[in-house]
Amino acid sequence: MNSPKTPSAEPILVTGGAGYIGSHVVRDLDAKGYFPVVLDDLSSGHAEAMLCGELVRGDAGDTERVGALIRARGIRRVLHFAAFIQVEESVAEPLKYYENNSFNCLRLLKACLASGVKSFIFSSSAAVYGIPGTIPVAETAPLLPINPYGASKLVSEMLLRDAAASRPGFRYVALRYFNAAGADRLARLGQDYRKPTHLLTRALKTALGRFPCLEVFGDDYPTADGTAVRDYIHVDDLSSAHLKALEYLENGGESRAFNCGYGVGHSVLDVVAAAKRVTGIDFPVVHAARRPGDPAALVADPGLIRRELGWAPPVPALDEIVASAWKWEQKLAARKN
Ligand code: UFG
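Quick caveat: nothing in here was measured; it's all calculated off a predicted structure.

How each quantity is defined
Residues numbered from 1 in each chain as written. Predicted model: local features only at pLDDT ≥ 70, side-chain atom pairs only at ≥ 80, totals over all residues. Heavy atoms only, no water. Core = buried A, V, L, I, M, F, W, Y, C linked by side-chain atoms within 4.5 Å. Buried < 20%, exposed > 50% of the residue type's maximum accessible area, 1.4 Å probe, protein only. Helix = DSSP H or I, 4+ residues; strand = E, 2+ residues; numbered from the N terminus. Domains from an automatic or database assignment. Contact = heavy atoms within 4.5 Å. Salt bridge = Lys/Arg side-chain N within 4 Å of Asp/Glu carboxyl O. Near = heavy atom within 4 Å. Polar contact = N/O pair within 3.5 Å; in protein donor to acceptor, adjacent residues only side chain to side chain. Areas by Shrake-Rupley, 256 points an atom, 1.4 Å probe, with all protein chains shown as cover. Nonpolar A, V, L, I, M, F, W, Y, C, P; charged D, E, K, R; others polar. Expected span 1.5 Å × (residues − 1). Buried area = accessible area lost by both parts, 1.4 Å probe. 1 Å grid on protein atoms, 1.4 Å probe; cavity = no way out; pocket = protein on both sides within 12 Å on 5 of 7 lines; lining within 4 Å. Points joined across faces, edges and corners; volume = space filled by probe spheres on them. Axes fitted to C-alpha atoms, helices over the stretch in contact; angles between N-to-C directions. Parallel < 35°, antiparallel > 145°, perpendicular 65-115°, else oblique. Left-handed = near helix turned anticlockwise from the far one by under 90°.

Caption draft 1: Quick look at the nonpolar core. Ile21, Leu29 and Leu175 are the most contacted members of the largest nonpolar core, which totals 60 residues. The element best represented in this core is helix α7 (residues 235-250), accounting for 8 residues. When residues of this core are assigned to domains, at least three fall in each of domain 1 (10-180 + 233-260) and domain 2 (199-230 + 263-336). If near-sequence neighbours (up to four positions away) are discounted, isoleucine 21 is found in contact with Phe81, Tyr177, Ala180, Val235, Leu238 and His242.

Structure representation (structure tokens):
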């Protein structure tokens, strides 16, 4: 795939850049003047999701091949998105998660350290906190994941921490994502998983008739309405945090982890109500048992990322996030019909 950028634009390696969050970041890296070299095995990403840059099809855990790619292109900066992301699946198939998320991160890191990479941005997750003792949760909270997905991300954070401590020229930022949601505001990009499991996507696809009903997993949590609370962050804002993190490392910022959320919680029923308002469709909803591995509430304390990275986008209304996802879902449905 060709990019309008000149060959002199700085190459930057983006693993998983054809995926949901990665593709939005690739769009923004290109706009910032980088040349994204996307390494993606297309197991969940899509080549069409790359609006720019170059796609190299392959495995981020192939140390030799990735090292050769980094050296051949003179790459100094890496963003690592490629990972499995479903909490429930990680409970059923934990080794699959440790292998792809932790071991492949280790193998990628070996390639980076051996090839002169200076900056590394890692897609971590709020799942590293497990069941936080206080909400909102700050970066200083205990890291006690309650599912293999969160544990696999925490192992990667530890690998990064120790690798960076051993190499003064190598620094990283781990962004602990809360719940990425929504789609590119021009509806060119969005979530397109082969087996969608995320709440908002399931709700909108139910509105479109793709599923008979939306299941609400658990209504007996210790929250205001009994359903689980999350900090839903617009994917465009999540993307801009990566650009800020690169800038921070550029300016000599030290290696560390940052929460990436607004600090605003919405329950499952809030999301369902917003989806009904935005679509104008009163889709069927049923109550079901709690989903294994789900904490009751996960809401970010965004103080650190605001102070250190200057990342403080205006917080969009939930309906705005839902509306962007709805535009995308309708486009996707039209394309697939
Ligand atoms: N939920 C439902 N019905 C559904 C889907 C989800 O009730 O059909 C509920 C879940 O049980 C949970 C909430 O909606 O309580 C949010 O679930 P998602 O699957 O949308 O997202 P998760 O909170 O499980 O996980 C997401 C990402 C992780 C990330 C985490 C951080 O998938 O990668 O957010 O908060 F780590």
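Still more ground to cover, so stick around.
Caption draft 2: Seen up close, the pattern of salt bridges. Overall, the coordinates contain 17 salt bridges when judged by the stated rule. A salt bridge links arginine 27 to aspartate 184, with the shortest nitrogen-to-oxygen separation between them at 2.7 Å. Of the two residues, arginine 27 sits in helix α1 (residues 20-31) while aspartate 184 sits in the loop between β7 (179-181) and α6 (199-207), which places them 157 residues apart along the sequence. Its relative accessible area of 11% is what places arginine 27 among the buried residues. Overall, aspartate 184 belongs to the buried group, its relative accessible area being 2%. Of the charged contacts in the structure, one is a salt bridge between arginine 176 and glutamate 157, with a shortest N-O distance of 2.7 Å. Here the residue arginine 176 occupies a position in strand β6 (residues 171-177), and glutamate 157 occupies one in helix α5 (residues 148-166), the gap between them amounting to 19 residues. A relative accessible area of 8% places glutamate 157 in the buried class.

Caption draft 3: Broad picture of the site of the ligand. Surrounding the ligand, one finds 24 residues, the nearest of these being Ser125, Asn179, His198, Arg291 and Asp294. Between the ligand and tyrosine 149 there is a distance of 2.9 Å, counted from an oxygen atom to a side-chain nitrogen or oxygen. Within the side chain of histidine 198, a nitrogen or oxygen atom sits 2.6 Å from an oxygen atom of the ligand. Bound to the protein, the ligand loses 94% of the 690 Å² it would expose on its own. The dominant element in the shell around the ligand, judged by the number of residues it contributes, is strand β8 (residues 214-217), at 4 residues. When the residues that make up the shell around the ligand are grouped by side-chain class, the tally is 15 nonpolar, 4 polar and 5 charged. Per-domain counts for the shell around the ligand show at least three residues from each of domain 1 (10-180 + 233-260) and domain 2 (199-230 + 263-336).

Caption draft 4: Region of the structure containing α5. Taking 1.5 Å of rise per residue, 19 residues should cover 27 Å, and α5 covers 27 Å from first to last C-alpha, within 8% of that figure. Here α5 has its buried residues at Pro148, Tyr149, Gly150, Ala151, Ser152, Lys153, Leu154, Ser156, Glu157, Leu160, Ala163 and Ala164. Close packing links the buried residues of α5 with α3 (87-92), α4 (94-114), β5 (119-125), β6 and β11 (256-260).

Caption draft 5: Broad picture of unusual backbone geometry. Note that the residue after isoleucine 135, namely proline 136, is joined by a cis bond; omega there is 0 degrees. With respect to the helices, strands and loops of the structure, proline 136 is situated in the loop between β5 and α5. Backbone geometry places leucine 42, a non-glycine residue, at a positive phi of 60 degrees. Its place among the elements puts leucine 42 in the loop between β2 (34-40) and β3 (54-57). For leucine 42, a relative accessible area of 15% corresponds to the buried category. Positive phi outside glycine occurs at alanine 187, with the angle close to 60 degrees. One can find alanine 187 in the loop between β7 and α6. Under the relative-accessibility criterion, alanine 187 is labelled buried at 5%.

Caption draft 6: Structural context of the domain arrangement of the chain. Examined at the domain level, the chain breaks down into domain 1 (10-180 + 233-260) and domain 2 (199-230 + 263-336). Taking the mean C-alpha position of each, domain 1 and domain 2 sit 24 Å from one another. In total, domain 1 and domain 2 occlude about 2300 Å² of area from one another, counting both sides; carbon and sulfur atoms represent 69% of this. At the boundary of domain 1 and domain 2, one finds 0 salt bridges. Viewed at the interface, domain 2 and domain 1 are joined by 7 residue pairs in polar contact (both at pLDDT 80 or more). Counting residues per element, the ones that place at least two in the side of domain 1 that touches domain 2 are α3, β10 (232-234), α7 and β11.

Caption draft 7: Main features of empty space enclosed by the protein. Taken as a whole and judged by the stated rule, the model has 1 cavity of 30 Å³ or more. Of the pockets and cavities examined, the largest cavity occupies roughly 40 Å³. Residue lining of the largest cavity: Tyr232, Tyr262, Val264, His266, Val315, Pro316 and Ile321, and that is the complete set. Class assignment for the residues of the lining of the largest cavity results in 6 nonpolar, 1 polar and no charged.

Caption draft 8: Expanded view of the packing of helix α8 (residues 268-279) against helix α10 (residues 318-336). Contact geometry for α8 and α10: axes closest at 9 Å, N-to-C directions at 60 degrees. Taken together, the axis directions place α8 and α10 in an arrangement best described as oblique. α10 is crossed by α8, and the crossing has right-handed handedness. Contacts between α8 and α10 involve Asp270, Val271, Ala274, Ala275, Arg277, Val278 and Thr279 from the former and Leu318, Asp319, Val322, Ala323 and Trp326 from the latter. Partitioning the contact of α8 with α10 into residue classes produces 8 nonpolar, 1 polar and 3 charged.

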